[in-house]
Amino acid sequence: MTRTASLRRPLIVAGLVATVLGASLPAYAGKTIDAIKQRGQLVCGVSTGLAGFSAADSQGKWAGLDVDMCRAVAAALLGDGNKVKYVPLTAPQRFTALQSGEIDMLSRNTTLTLTRDASLGLTATVPTYYDGQGFMVSAKSGIKSAKGLKNATVCVQSGTTTEKNMTDFSKANKLNLKPVTFADLAATNAAYFAGRCKAYTTDASGLASIRSKEAKNPKDHVILPELISKEPLGPMVRRGDDEWTAIVKWVIYGLFEAEEYGVTQANVEKMKTETENPAVARLLGKSDDMGKLLGLDKEWMVRAIATTGNYGEIFDRNVGPKTALALNRGYNAQWTQGGLMYGLPAR
Amino acid sequence: MKLNWRSQTGRARLYQVLAVGLVALLVGWLVNNTLVNMEARGIQSGFDFLFQSAGFFIGESPIPYDSDNPYWMAFLVGLLNTVRVAVVGIVLCTLLGTLIGIGRVSNNALARGLCTAYTEAFRNVPVLLQLLMWYILMVEWMPDPETPAHLGEWVYFSKMGLQLAIPTLTDQAPFLAWSLPKWVEGEWQGGLTLTPEFFATTLGLTLYTAAFVAEVVRGGIQSVSRGQREAAMSLSLSTWQTTRLVILPQAMRVIVPPLTNQYLNLTKNSSLAVAIGYPDLVNIATTSLNQTGRAVECIAVIMAVYLFLSLLTSAIMNAYNRKVAIQER
């Protein structure tokens, strides 16, 4: 060796790298509410485009059932349902985005399960759509029931609870289903509609959405009647922030109760001053100030309902029988109508 | 070993020891920071999930695999699928790329034009788009599974893929028999099945990487001095004999290191197969990641496996490189 190379530059580089790494430590959001108020905007994680639940139109405006949940929470907390930033996330990204603090709440047709509630540092809030996994086949195949899918190839999108459910169903009924798993929704749809797979499986609401949007002729495809799993879809938040969790949960319960008592987007202002029903009076802040207990003001539900309507209106507008998805209330009806939507009393 | 500050050698060694120590400290701090933060947020970590049963089935697998098998076996199936695509892709892209590279410097204007067009077209389109295009085209154009195109009973071609008859071992004389593909209750049994996903992945990657290999080969051929070609012609060797016996052996020195790069690129690009449904390692790791929530661990496994595959490929190619290196006297 004739001359030792100078180590000054590599050391400076190493120092810079260390500084950058240190500076990019994610600040643990101890108080999500403070962060949202300071930012003036709720950051909501949504899907990359699922018609009826969270999809952007050609102007970039987001709409859907999950989107409406975010808008209601933003209206209750910040006073304006438009103060939301939507972050489209794929299935593999969604939990990491919430864990890291990139988004405040995840409203992305996510099934609430034990693994997700317990082991990811996240908390499930309230199911806003009781769904189930189903199969879609072409009408030409003549298959009328999921039990007739022996040895079938099934197109499935990776990164969801779908694969496990399909395997469980296949084993229980000795169907020997063969999955073809895609990361890309567009490739999954292309493969199914080109005929590569005999069946397509995902949540029944997702099947309706995809059929309405992607099929050349939606009537050529049949969603089989069996629901092979329970898929309660709902928003999730980070664990450890109880005040924020409470706000999200009670806004959703408030929307359920609003439908139960007949408070709609059209009559909420009138009901606010004129209602005789004590439950409604409490909900809308006419008698007691329930909002104060959550850290909000007494018009919190008035603003939420004025922005999105009650749960029934949200359902009908986004996924109801008059929309392209044409889904019935089914399990998502009010408990007074035989469904599962039961708003815990806001008192 | 001297670590003496006074001597230049000693100072050099000292700096190296300090640098290694610094890097080790940095890595240790990163790992510790990650673990501490994950624990603070209640995110469970650890590699114990590898021994839980996977709970999902894999569309194609070279070894017998069932959904009850543990996660590590699912990862192994993914690894084998990746290796399958990588090996076939490397062999095919080398052959194709060499031919096209030679074609680009040939005297024949048509060959030159076609090869140039191929190289420019396939180099400049992102590889993910190419894979998607091949897959969607294939799936649209292949015959329906109910009415496959076939060559007697030996070869069947449909949207379910290519079914080939292969010889298999049997326990009766003559111990070798043809396993013919048969359509039984909606699935193919027997024979060898190559799915459209495997086809699209291999084809897309081969065509894409062959364009790069062609450029590498062209560079290697042009690095050999003109005098060699003239000397070979004066010895009455034909053009093809010149290329094969004189130019290419000397060009190999220049070709092999960048070629190793292209092989590594092909192996890593096979991870894009996750977009078109081929169950490679990344596809299976993504599924596992979503089912268990262990993002850090699954990504670490992916990185470690690709690192291992790349190091193995480089080691093999470096050994070959040493063999073809010109021995200076």
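Here the structure is a predicted model, which is why all the values come from computation and not from measurement. (Residues numbered from 1 in each chain as written. Chains lettered and ligands numbered in written order. Predicted model: local features only at pLDDT ≥ 70, side-chain atom pairs only at ≥ 80, totals over all residues.)

What follows is about the domain arrangement of chain A. Residues and elements named next belong to chain A. Considered domain by domain, chain A is made up of domain 1 (32–130 + 233–326) and domain 2 (133–229). A straight line from the C-alpha centre of domain 1 to that of domain 2 covers 30 Å. Each partner contributes to the interface: domain 1 provides 14 residues, whereas domain 2 provides ten residues. (Domains from an automatic or database assignment. Contact = placed C-beta atoms within 7 Å.)

Residues and elements named next belong to chain B. Looking at where Ser179 falls in the secondary structure, it is placed in strand β5 (residues 176–179). On the basis of neighbour counts, which here come to 16 C-beta atoms within 10 Å, the residue Ser179 falls in the partly exposed class. Excluding residues within four positions of it along the chain, Ser179 makes contact with Ala165, Ile166, Thr168, Gly190 and Gly191. (Helix = DSSP H or I, 4+ residues; strand = E, 2+ residues; numbered from the N terminus. Buried ≥ 20, exposed ≤ 12 C-beta atoms within 10 Å, placed from the backbone.)

Counting 155 residues, the largest nonpolar core has Val73, Ala76 and Val251 of chain A together with Ile276 of chain B as the members making the most contacts within it. Among the elements that line this core, the one with the most residues is helix α5 (residues 196–223) of chain B, at 13 residues. Residues within four places of Val251 of chain A in sequence aside, it is in contact with Ala72, Val73, Ala76 and Ala304 of chain A. (Core = buried A, V, L, I, M, F, W, Y, C linked by C-beta atoms within 7 Å.)

Turning to the interface of chain B and chain A, a few remarks are in order. On the chain A side, the residues contacting the 43 residues of chain B number 41 residues. In terms of residues, the side of chain B that touches chain A owes the most to one element, helix α1 (residues 8–40) of chain B, which gives eight residues. For the side of chain B that touches chain A, the residue count by class is 20 nonpolar, 15 polar and eight charged. (Nonpolar A, V, L, I, M, F, W, Y, C, P; charged D, E, K, R; others polar.)

Here the focus is the pairing of strand β2 (residues 155–158) of chain B. Put simply, side chains in a regular strand alternate between the two faces of the sheet. Residue and element names in this part refer to chain B. The side-chain alternation of β2 yields one buried face, formed by Tyr156 and Ser158, and one unburied face, formed by Val155 and Phe157. As judged from the three bridges shared by strand β1 (residues 149–151) and β2, these two strands associate in the antiparallel manner. Pairing of His150 across the sheet is with Tyr156, part of β2. Counting the residues that bridge the hairpin from β1 to β2 gives three residues, and of these Gly152 lies at a positive phi of roughly 60°. (Pairing = 2+ DSSP bridges.)

Moving on: the domain arrangement of chain B. According to the domain assignment, chain B consists of domain 1 (71–144 + 196–324) and domain 2 (161–194). Computed over C-alpha atoms, the centres of domain 1 of chain B and domain 2 of chain B are 30 Å apart.

All names here are of chain B. Strand order in this open sheet of four strands is β1-β2-β3-β8, and the pairing throughout is antiparallel. In this open sheet, the two strands that pair with only one neighbour each are β1 and β8 (192–194). When strand polarity is set aside, the average angle formed by the axes of neighbouring strands in this sheet is 15°. (Axes fitted to C-alpha atoms, helices over the stretch in contact; angles between N-to-C directions.)

Here the focus is the environment of Trp244 of chain A. Residues and elements named next belong to chain A. Along the chain, Trp244 falls in helix α9 (residues 242–260). On the basis of neighbour count, Trp244 is assigned to the buried category, with 26 C-beta atoms found within 10 Å. With 167 residues separating them in the primary sequence, Trp244 and Leu77 have C-alpha atoms 9.9 Å apart. Beyond its immediate chain neighbours, meaning those up to four positions away, Trp244 contacts Thr32, Ile33 and Val237.

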